[in-house]
Amino acid sequence: MNSGTMKAVGVLPRKKEVTLLQHPAPSIGAPTELKIRTLEVGICGTDREICTFAYGSPPEDCDYLVLGHEALGEVIEVGSGVTAFKPGDLVVPTVRRPCPHSHCVSCRDARQDFCFTGDFTERGIKMVHGYMTEFFVEDQVHLNAVPPGLRDVAVLVEPLTVAEKALAQLWQVQSRLNWGAGNGAAPGAGKTAVVLGAGPVGILGAMALLVRGFRTWVYSRSPEPNPKADLVNSIGAKYISCETVPLAKFAEMTGPIDVIYEAVGVAKITFEVMKILGLNGVFIFTGIPPEKPAIPVEADTLMRRIVLMNQAIIGTVNADRTAFEDAIRDLGLFKQRWPDSLRKVISGRHRIEDYRELLLGKPTGIKQVVTIGG
């Protein structure tokens, strides 16, 4: 690091470049801010899509955007007004920041994940620099404390929040009927869940469903044997390949399906699987497919089923503080229950200098992580 600058990975949209650059080193500018040493940053599909320049916006006063929104850091300095953290604490930051409009009741209620205006910002994605750099400064309100015992897996908190928010909405939707197991049983006991996709969001989602008692299936593309299937089966879910088991046969295997958690971002398979959702079931979209030519969909069949079977179709994006807190708690449960399997979600740790292969090369493994400090 040169004096006053530090290494960072960023995109220059106007030049359509992805590069390792020198970024100004941050300093605390308000009493409730903290300076944090970045320890690890996860690589995800959003990062790769930004590197294709499909979206991603730099700050207004800058021609580049520092990438990275899945981060783990260590507090090294605190402002005079910080009350919740001290140097040495491990923290995971949130991603989305509220819009400035007084009429947006969601953002004024710290629920910027439900922003009404669309003028929110997102670190590493939309108009605010991300965490793929050596240090960052953040207000304490946007940080979440992580127990030291989760140091080796805490970079998975942010992708797990996708499932945590989805489950929170699931419980809200299903409060429309007497759906809980009751008698002190896990809330998903006796219910069947299907996860579409065996990437990190899918596997972490399967873990979250399992600890809540759901009988959980993962329906993904790659035939067995493969490492993702091995991991899924090791935690007590059942991996099935859509290339070897057709949808009708899969529906016979699962029986009535109460929840489908989509984590694949591919419309064709998603709308096919929607046809086997059961009575009073909930289908949860989390993936964002890239723009592609239109595909045929059996819209009349789907519409009839949704209406006649009391089904709910919901989408979920981003997460609130409660989802981060739930993710940190659940990671602790996962580590107790499946310590080896949880660690295997992280396929590799890499230097920041390896950014080109990670962001522009063919995706490999499950979750790739950039290790920066510590």
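Look up a bit, the structure's there.
Here the structure is a predicted model, which is why all the values come from computation and not from measurement.

Draft legend 1. Representation of the overall build of the chain within the structure. Along the chain, the regular secondary structure elements total 11 helices and 19 strands. In terms of overall size, the chain behaves like a compact globule, its C-alpha atoms giving a radius of gyration of 21 Å where 374 residues would be expected to give roughly 21 Å. Taken across its 374 residues, the chain has 51% of its residues classed as buried. Partitioning the contacts of the chain with sequence separation of at least 6, the portion at a separation of at least 24 is 69%. When the accessible surface of the chain is split by element, carbon and sulfur atoms take 54% of a total near 16,900 Å².

Draft legend 2. Structural context of the sheet that holds strand β8 (residues 121-123). Spatially, three strands are ordered β7-β8-β9 in an open sheet, and the strand pairing comes out mixed. The outermost strands of the open sheet, each flanked by one partner alone, are β7 (96-97) and β9 (127-128). Note that β7 and β8 share two bridges and pair antiparallel. Across the sheet, the residue bridging to R97 is T121, located in β8.

Draft legend 3. Molecular detail of the sheet that holds strand β16 (residues 282-285). Pairing within the open sheet is parallel, and its six strands lie in the order β14-β13-β12-β15-β16-β17. The sheet is open, and its two borders are formed by β14 (238-241) and β17 (312-315), each paired with just one other strand. Taking each pair of neighbouring strands and ignoring which way they run, the sheet shows an average axis angle of 20°. With four bridges connecting them, β16 and β17 associate as parallel partners. Note on β17: the bridge partner recorded for I284 is I314. Docked against the sheet, helix α5 (residues 227-234) engages β13 (215-220) and β14, running at close to 150° with respect to β14.

Draft legend 4. Here's a closer look at the packing of helix α4 (residues 200-211) against helix α9 (residues 321-337). Between α4 and α9, the shortest axis-to-axis distance is 10 Å and the interhelical angle comes to 85°. Classified by the interaxial angle, the pair formed by α4 and α9 is roughly perpendicular. Of the residues in α9, those touching α4 at L204, M207, A208, L210 and V211 are D330, F334 and R337. Its residues assigned to classes, the contact of α4 with α9 comprises six nonpolar, no polar and two charged.

Draft legend 5. The arrangement of the side chain of D47 in detail. By the element assignment, D47 lies in helix α1 (residues 45-50). Nearest to the buried, unbridged D47 among oppositely charged side chains is K367, at 6.4 Å. Engagement of the side chain of D47 in a polar contact is seen with the backbone nitrogen of C44, the distance being 2.9 Å. Setting aside its immediate chain neighbours within four residues, D47 contacts G42, G68, H69 and L359.

Draft legend 6. Focus on empty space enclosed by the protein. Scanning the entire structure with this criterion turns up one cavity of 30 Å³ or more. Considered as a void within the structure, the largest cavity measures approximately 50 Å³ in volume. Considering the residues around the largest cavity, the lining is formed by A163, A166, L167, G205, A208, L209, V259, Y261 and I284. Among the elements of the structure, α3 (157-174), α4 and β15 (259-262) are those that each provide at least two residues to the lining of the largest cavity. Counted by class, the lining of the largest cavity contains eight nonpolar, one polar and no charged residues.

Draft legend 7. Geometry of the packing of α3 against α9. Where α3 meets α9, the axes come as close as 8 Å, and the angle between the chain directions of the two elements is 105°. Taken together, α3 and α9 sit at an angle that is classed as roughly perpendicular. Contacts between α3 and α9 pair V157, E158, L160, T161, E164 and K165 from the former with A323, F324, D326, A327, I328, R329, D330, L331 and F334 from the latter. Split into classes, the residues belonging to the contact of α3 with α9 amount to eight nonpolar, one polar and six charged.

Draft legend 8. Main features of α4. The first and last C-alpha atoms of α4 sit 17 Å apart over 12 residues, in line with the 16 Å expected at 1.5 Å per residue. Most of α4 sits inside the fold, with 10 of its 12 residues counted as buried. Residues P200, G202, I203, L204, G205, A206, M207, A208, L209 and L210 constitute the buried set of α4. With its phi angle positive at about 95°, G213 sits one or two positions after the end of α4.

Draft legend 9. Summary view of unusual backbone geometry. Residue P225 is reached from E224 by a cis peptide bond, and omega for that bond is 0°. Tracing the sequence through the fold places P225 in the loop between β13 and α5. Of note, A110 is a non-glycine position whose phi angle comes to about 60°, a positive value. With respect to the helices and strands, A110 occurs in the loop between α2 (105-108) and β8. For A110, a relative accessible area of 51% translates into the label exposed. Even without being glycine, N280 reaches a positive phi, approximately 60°. Relative to the assigned elements, N280 resides in the loop between α7 (267-273) and β16.

Draft legend 10. Inspection of the nonpolar core at higher detail. Formed by 55 residues in total, the largest nonpolar core has its most connected members in L156 and M207. With seven residues, the single largest contributor to this core is α4. The next biggest cluster of nonpolar side chains, apart from the first, holds 27 residues, and it includes V11, V18, I43 and I125.

Conventions used here
Residues numbered from 1 in each chain as written. Predicted model: local features only at pLDDT ≥ 70, side-chain atom pairs only at ≥ 80, totals over all residues. Heavy atoms only, no water. Helix = DSSP H or I, 4+ residues; strand = E, 2+ residues; numbered from the N terminus. Rg over C-alpha atoms; globule rule 2.2 N^0.38 Å. Buried < 20%, exposed > 50% of the residue type's maximum accessible area, 1.4 Å probe, protein only. Contact = heavy atoms within 4.5 Å. Areas by Shrake-Rupley, 256 points an atom, 1.4 Å probe, with all protein chains shown as cover. Pairing = 2+ DSSP bridges. Axes fitted to C-alpha atoms, helices over the stretch in contact; angles between N-to-C directions. Parallel < 35°, antiparallel > 145°, perpendicular 65-115°, else oblique. Nonpolar A, V, L, I, M, F, W, Y, C, P; charged D, E, K, R; others polar. Lys, Arg positive; Asp, Glu negative; His and termini not counted. Salt bridge = Lys/Arg side-chain N within 4 Å of Asp/Glu carboxyl O. Polar contact = N/O pair within 3.5 Å; in protein donor to acceptor, adjacent residues only side chain to side chain. 1 Å grid on protein atoms, 1.4 Å probe; cavity = no way out; pocket = protein on both sides within 12 Å on 5 of 7 lines; lining within 4 Å. Points joined across faces, edges and corners; volume = space filled by probe spheres on them. Expected span 1.5 Å × (residues − 1). Core = buried A, V, L, I, M, F, W, Y, C linked by side-chain atoms within 4.5 Å.

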